[in-house]
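# Report on the structure
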Amino acid sequence: MKRYLNLFDFSQKIDYKTEILSGLTVALALVPEAVAFSLIAGLSPLTGLYAAFSMGLITSIFGGRPGMISGATGAVAVVIVSLVQSHGVEYIFATVILAGIIQMLAGLFRLGKFIRLVPHPVMFGFVNGLAIVIFMSQLVQFQTVGSDGVHHWLGGAPLMIMLGLVALTMFIIWGLPKVTKIIPSSLAAILTIFGLVVAFNIDTNTVGDIASISGRFPPFHIPNVPFTMETLQIILPYAFIVAGVGLIESLLTLNLIDEITETRGWGNKEAVAQGMANTITGFFSGMGGCAMIGQSLINISNGARARLSGIVASVMLLVFVVFGSGLIEKVPMAALTGLMIMVSIGTFEWVSIRALNKMPKHDIFVMIVVTLVTVFLHNLALAVLIGVIISALVFAWESAKRIRARKYVDDAGVKHYEIYGPLFFGSTTVFAEKFDVLNDPAEVIIDFKESKIADMSAIDAVNKINERYAKLDKVVHLRHLREDCKRLFKNADKLIDVNVLEDPTYKVAFDGDRLKV
């Protein structure tokens, strides 16, 4: 519990200028994302902005990964959109609160450790898919809505202006760090494009063209839903999905930042913080959310490493909404589009492309599947789950092929089978093929010193071997079973009938200075 309450590391050296400027940059990048995701979910833009504020602030203070940014995300928006259409916004708030409680329980019960089960190819697929999604989501800025309500690609001067401003933004973000790091390059790019558009009165889309962000402090609001079992049955499935998607995306983002910064975050603490943030967000008219990989990478690439940057980003976002909406609505979308395209380029694991001819074929397959599911379904939790299942099946198949048996007959005429490799559901068929029941002598010993009986399928396989020998009046003994294997047999003693040889126990004694065994 002490680790949960240990919020700030005062021994950490903090570059306050970098933290504050990076936080300001992230706040600017949060605005169009939060607005876009709330519109995807069919909600008011302020619902997404309130979520970005409360999620970002609470996770920055209480989270397990300083420097990581949380807010309203597309992954959550995709999950709740059908609930918005069927039951309305009040049920969304109730769902977010319940999802937060589930996430807090997951953190308190230390379930965050299961993120270790996500293989590296799944991580590659997750990150690459997310990079492609971020890039594709920016293409809408190169389109316009016609009188028929259909999106059409820009053409002529508007397209050239947009391309030019986006290219200039990307060039500044790429080139400025090579000259000076006195100011984050992403913030410099946004301010430069903003200045050019205002100075030369360039006609281009701005944040205000998407939606107004003017508002007030998030109001406290208890969801107006019936407190009945019927309501719980409606929101519980959505709550579990929101909680799962949020935790998976947050913990994978945490792992990614760990790799970039070569430091270690704490997944369980982050899970509790995400849950706390979602619960409070639901009471303050927010749509919920999780860690945002794009904004987190902006923050980390700017050099921010402490909690201050996330706190500044959240507070400045609220300041924009309450006091500075008129100014922020004039920020050109070209600047933010160029920034997010650079984020997508930086997010993509290019090393995974270079390593394609060096990776095992099944790892390549897993990476491509996870990438495609992420890109086309926008369901990160499903993509990761599919990747983990495929990887687990491949591992089981490969492990099943590793079981071997060394056979010999001792001086007493007893046949020995020394088993090597794990005996589990995948290897039982190969295991059964190792025995020559008809031609073996009357007594057989199966030695598991270099093997492990892992599950009930393995126990059943051993029992069937014993039954085959028993039909021919032959006796089978099991030797060198591990303690956990013996417990499995003991628990299944009413279902099976096997003979287990007790291993000899050797005692060590000293006779003067000599060792006797």
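Predicted model, so just to flag it, every value in this text is computed and none were measured.

Here is what the cut-offs are and how they apply
Residues numbered from 1 in each chain as written. Predicted model: local features only at pLDDT ≥ 70, side-chain atom pairs only at ≥ 80, totals over all residues. Heavy atoms only, no water. Helix = DSSP H or I, 4+ residues; strand = E, 2+ residues; numbered from the N terminus. Buried < 20%, exposed > 50% of the residue type's maximum accessible area, 1.4 Å probe, protein only. Patch = residues over 30% accessible without salt bridge, like charges linked within 9 Å, V, L, I, M, F, W, Y side chains within 5 Å. Areas by Shrake-Rupley, 256 points an atom, 1.4 Å probe, with all protein chains shown as cover. Salt bridge = Lys/Arg side-chain N within 4 Å of Asp/Glu carboxyl O. Lys, Arg positive; Asp, Glu negative; His and termini not counted. Charge placed at Lys NZ, Arg CZ, Asp CG, Glu CD. Axes fitted to C-alpha atoms, helices over the stretch in contact; angles between N-to-C directions. Parallel < 35°, antiparallel > 145°, perpendicular 65-115°, else oblique. Left-handed = near helix turned anticlockwise from the far one by under 90°. Contact = heavy atoms within 4.5 Å. Nonpolar A, V, L, I, M, F, W, Y, C, P; charged D, E, K, R; others polar. Polar contact = N/O pair within 3.5 Å; in protein donor to acceptor, adjacent residues only side chain to side chain.

## As for the environment of Thr-192
Structurally, Thr-192 is set in helix 8 (residues 185-199). Owing to a relative accessible area of 34%, Thr-192 belongs among the partly exposed residues under this scheme. Taking C-alpha positions, Thr-192 is 8.9 Å from Ile-172, a pair spaced 20 residues apart along the chain.

## Section: a positive patch on the surface
Where like charges cluster on the molecular surface, the positive patch consists of Arg-110, Lys-113, Arg-116 and Arg-264. If you trace the backbone, Arg-116 turns up in the loop between helix 5 (89-108) and helix 6 (120-138). Judged by its relative accessible area of 66%, Arg-116 is exposed.

## Side note on a nonpolar patch on the surface
Together, Ile-101, Leu-105, Leu-108, Phe-109, Leu-111, Phe-114 and Leu-117 give the surface a local cluster of nonpolar side chains, amounting to about 710 Å² of exposed area. By the secondary structure assignment, Leu-108 is in helix 5. Look at Leu-108 and you get partly exposed, because its relative accessible area is 47%.

## Notes on the packing of helix 7 (residues 156-179) against helix 15 (residues 333-347)
Closest axis-to-axis distance for the helix 7/helix 15 pair is 8 Å, and the angle between their directions is 50 degrees. Taken together, the axes of helix 7 and helix 15 are oblique relative to one another. Relative to helix 15, helix 7 is oriented so that their crossing is right-handed. Packed against helix 7, whose contacting residues are Met-162, Leu-165, Val-166, Thr-169, Met-170, Ile-173 and Trp-174, the element helix 15 presents Met-333, Ala-334, Ala-335, Thr-337, Gly-338, Leu-339, Ile-341, Met-342 and Ile-345 at the interface. Residues that form the contact of helix 7 with helix 15 fall into these classes: 13 nonpolar, three polar and no charged.

## Brief notes about the environment of Ile-97
Looking at the element boundaries, Ile-97 is found in helix 5. Linking Ile-97 and Met-276, residues 179 residues apart in sequence, is a C-alpha distance of 8.8 Å. Ignoring sequence-local partners within four residues, the contact set of Ile-97 consists of Pro-223, Asn-278, Thr-279, Gly-282 and Phe-283.

## Structural notes on the side chain of Thr-261
You can see Thr-261 is positioned in helix 10 (residues 229-261). Within the local environment of Thr-261, its side chain forms a polar contact with the backbone oxygen of Ile-257, the two atoms lying 2.7 Å apart. One polar contact links Thr-261 to Thr-263, side chain to side chain, over a distance of 2.6 Å. Among residues more than four places away in sequence, those in contact with Thr-261 are Arg-65, Ile-300 and Arg-305.

## Thoughts on the environment of Asn-491
Summarising the element assignment, Asn-491 is placed in helix 21 (residues 483-491). For the pair Asn-491 and Lys-452, spaced 39 residues apart in the sequence, the C-alpha separation amounts to 16 Å.

## Examining the pattern of salt bridges
Taken as a whole and judged by the stated rule, the model has six salt bridges. Where Arg-406 meets Glu-418, a salt bridge forms, and the shortest distance between an N and an O atom there is 2.9 Å. Remark: Glu-418 occurs in strand 6 (residues 415-423) and Arg-406 occurs in strand 5 (residues 404-409); sequence separation between them is twelve residues. Accessibility expressed as a relative area gives 16% for Glu-418, which makes it buried. A salt bridge links Asp-440 to Lys-415; its shortest N-O distance comes to 2.7 Å. Note that Asp-440 is positioned in the loop between helix 19 (428-432) and strand 7 (443-453) and Lys-415 in strand 6, a separation of 25 residues in sequence. With respect to class, Asp-440 is no different from Lys-415; both count as buried.

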